[in-house]
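Summary of structural features
Each chain, written out:
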Amino acid sequence: MVMWHGVRKFGVVALGTGCGLGAYYYQKLRDNQQNVQMSWTVSDKPVNPCALWDNNWDCRNPKSLVKPAKNDTPQEQNRYNSDLEKATTKVARHIILIRHGEYLDLGDTDDTHRLTTRGRLQAQYTGKRLKELGIKWDKVIASTMTRAQETCDIILKEIDFDPKDVKHCAFIREGAPIPPQPPVGHWRPEESFFRDGARIEAGFRRYFHRALPSDKHDTYTLIVGHGNVIRYFVCRALQFPPEAWLRISINHASITWLTIQPSGNVCIKYLGDTGFLPAQYLTHRIPRDAKNVV
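Structure report, in brief. Only a predicted model underlies this, so the values are computations on that prediction, with no experimental measurement involved.

It is the contact of helix 4 (residues 117-132) with helix 5 (residues 146-156), at a shortest axis distance of 8 Å, that shows an interaxial angle of 45°. Taken as axis vectors, helix 4 and helix 5 run oblique relative to one another. Here the hand of the crossing between helix 4 and helix 5 comes out right-handed. Across the interface between the two elements, Arg 120, Ala 123, Gln 124, Thr 126, Gly 127 and Leu 130 from helix 4 touch Glu 150, Thr 151, Ile 154 and Ile 155 from helix 5. For the contact of helix 4 with helix 5, the residue count by class is four nonpolar, four polar and two charged.

As structure tokens, this is what we get:
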């Protein structure tokens, strides 16, 4: 009997140990599988905290605008719900960004940076494309730089919008928004980043936000600006690392379309679209001299 009792006790210990080891290795296997599945991200965890969406990125989440309920009384709850309803956006906000047409960089001042013949044709094609989309524009905003102003003037001849109502904004002038990653060895305008970064960020905060609670229909804003600014705006709006802006390339006179949903979620419809341009008019770099320029 003593021997049988010892064997039974040993069996219970062995069974417990086996179950424990089995559970350990099963969990280890699951962790390894999970790591393999997530190996293409920057984290080996199921969710990268850096990738979490900030619902109040524009500081217009209704719950952040309304005074919290003081208590649980029906009157106070009704007040809170009513205020929340009034602060809630119900329609989408569409922001369409146009890069200026090709221009010549022949002088030291902005006045000398005028569109080439090809750049003017690019802008005309873009204007026709926007007209074909049949959009009723609520706002048109243009950078105050010469090439953006010229591009905007050409586009306005094609779309239904009064030139007198165009807003001219210095915040969205071309510049260097933030040091890019990976760094670019031949381009280190540290002074430009310091000078331009806050201005361009201010432009983003001015124009990128969800629609107003009073808006009854989707709103459409057209912004005619510059490559660096547009690329930075795209990264900021989509909550990508803003240092990645230089990894994006967009053509002259291209269309970039971002939509801000009532919830604050943002999606991109077009990124640097130039499918409407004939192939001979596709450009993205600045010609350094007048030779062989259309």
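Another point: the environment of Val 229. Topologically, Val 229 is positioned in helix 7 (residues 227-237). Since its relative accessible area comes to 2%, Val 229 is described here as buried. The spacing of Val 229 and Trp 245 is 16 residues in sequence and 8.8 Å in space, taken between C-alpha atoms. If sequence neighbours within four positions are ignored, Val 229 has contacts with Ile 172, Arg 173, Glu 174, Gly 175 and Ile 200.

Attention now goes to the nonpolar core. Counting 29 residues, the largest nonpolar core has Leu 97, Ile 172, Phe 208, Phe 233 and Leu 258 as the members making the most contacts within it. Among the secondary structure elements, those contributing two or more residues to this core are strand 1 (93-99), helix 6 (190-207), helix 7 and strand 5 (255-260). Per-element accounting of this core gives the leading share, seven residues, to helix 7. Dropping the residues within four chain positions of it, Ile 172 is found in contact with Ile 141, Ala 142, Ser 143, Arg 199, Gly 203, Tyr 207, Ile 223, Val 224, His 226, Val 229 and Phe 233.

Let us now look at helix 7. Across the eleven residues of helix 7, ten count as buried, placing the element largely inside the fold. Gln 239 sits one or two residues past helix 7 and shows a positive phi near 60°.

Within this structure, the stated rule accounts for eight aromatic pairs. Ring geometry for Trp 57 versus Phe 204: centroids 6.2 Å apart, planes at 40°, classification tilted. In this pair, Trp 57 sits in the loop between helix 1 (2-37) and helix 2 (62-65) while Phe 204 sits in helix 6, placing the two residues 147 residues apart along the sequence. Ring geometry for Phe 204 and Phe 233: centres 5.9 Å apart, planes at 50°, overall tilted. Taken together, the residues span a long stretch of sequence, with Phe 204 in helix 6 and Phe 233 in helix 7 at a distance of 29 residues. The burial state of Phe 204 is the same as that of Phe 233; both residues are buried. Each residue in the set Trp 57, Phe 204, Phe 208, Tyr 232 and Phe 233 is aromatic and connected to the rest through ring pairs, giving one cluster. Sitting over the ring of Trp 257, Lys 269 keeps its end group 4.1 Å from the ring centre.

Bringing helix 3 (residues 74-87) into the picture now. Taking 1.5 Å of rise per residue, the 14 residues of helix 3 would be expected to cover 20 Å, and the 20 Å separating its terminal C-alpha atoms lies within 8% of that figure. Residues of helix 3 that are buried include every one of Glu 76, Tyr 80, Leu 84 and Ala 87, and no others. What you see down the axis of helix 3 is that its buried residues fit within an arc of 70°, all on one side. The exposed set on the far side of helix 3, more than 90 degrees from its buried face, consists of Pro 74, Gln 75, Asn 78 and Lys 86. Its buried side turned inward, helix 3 meets helix 2.

Turning to the sheet that holds strand 6 (residues 266-273), a few remarks are in order. Strand order in the open sheet made by the six strands is 3-2-4-1-5-6, with mixed pairing throughout. The sheet is open, and its two borders are formed by strand 3 (167-169) and strand 6, each paired with just one other strand. Shown here is a sheet whose adjacent strand axes are inclined to one another by a mean of 20°, direction ignored. Bridge count between strand 2 (residues 139-143) and strand 4 (residues 219-225): four bridges; the pairing is parallel. The residue of strand 4 that forms the bridge with Ile 141 is Ile 223. Across the sheet, helix 5 lies against strand 1, strand 2, strand 3 and strand 4, angled at about 150° from strand 2, the strand it touches most. Its contacts with the sheet place helix 7 against strand 1, strand 4, strand 5 and strand 6, and it is angled at close to 150° to strand 1.

Of note, Thr 89 is situated in the loop between helix 3 and strand 1. Owing to a relative accessible area of 6%, Thr 89 belongs among the buried residues under this scheme. Within the structure, the side chain of Thr 89 is placed 2.6 Å from the backbone oxygen of Ala 211, a separation counted as a polar contact.

Parameters and conventions
- Residues numbered from 1 in each chain as written.
- Predicted model: local features only at pLDDT ≥ 70, side-chain atom pairs only at ≥ 80, totals over all residues.
- Heavy atoms only, no water.
- Axes fitted to C-alpha atoms, helices over the stretch in contact; angles between N-to-C directions.
- Helix = DSSP H or I, 4+ residues; strand = E, 2+ residues; numbered from the N terminus.
- Parallel < 35°, antiparallel > 145°, perpendicular 65-115°, else oblique.
- Left-handed = near helix turned anticlockwise from the far one by under 90°.
- Contact = heavy atoms within 4.5 Å.
- Nonpolar A, V, L, I, M, F, W, Y, C, P; charged D, E, K, R; others polar.
- Buried < 20%, exposed > 50% of the residue type's maximum accessible area, 1.4 Å probe, protein only.
- Core = buried A, V, L, I, M, F, W, Y, C linked by side-chain atoms within 4.5 Å.
- Phe/Tyr/Trp six-rings, centres within 6.5 Å; stacked < 30°, edge-to-face > 60°.
- Lys NZ or Arg CZ within 6 Å of the ring centre and 35° of its normal.
- Expected span 1.5 Å × (residues − 1).
- Arc of directions from axis to C-beta.
- Pairing = 2+ DSSP bridges.
- Polar contact = N/O pair within 3.5 Å; in protein donor to acceptor, adjacent residues only side chain to side chain.

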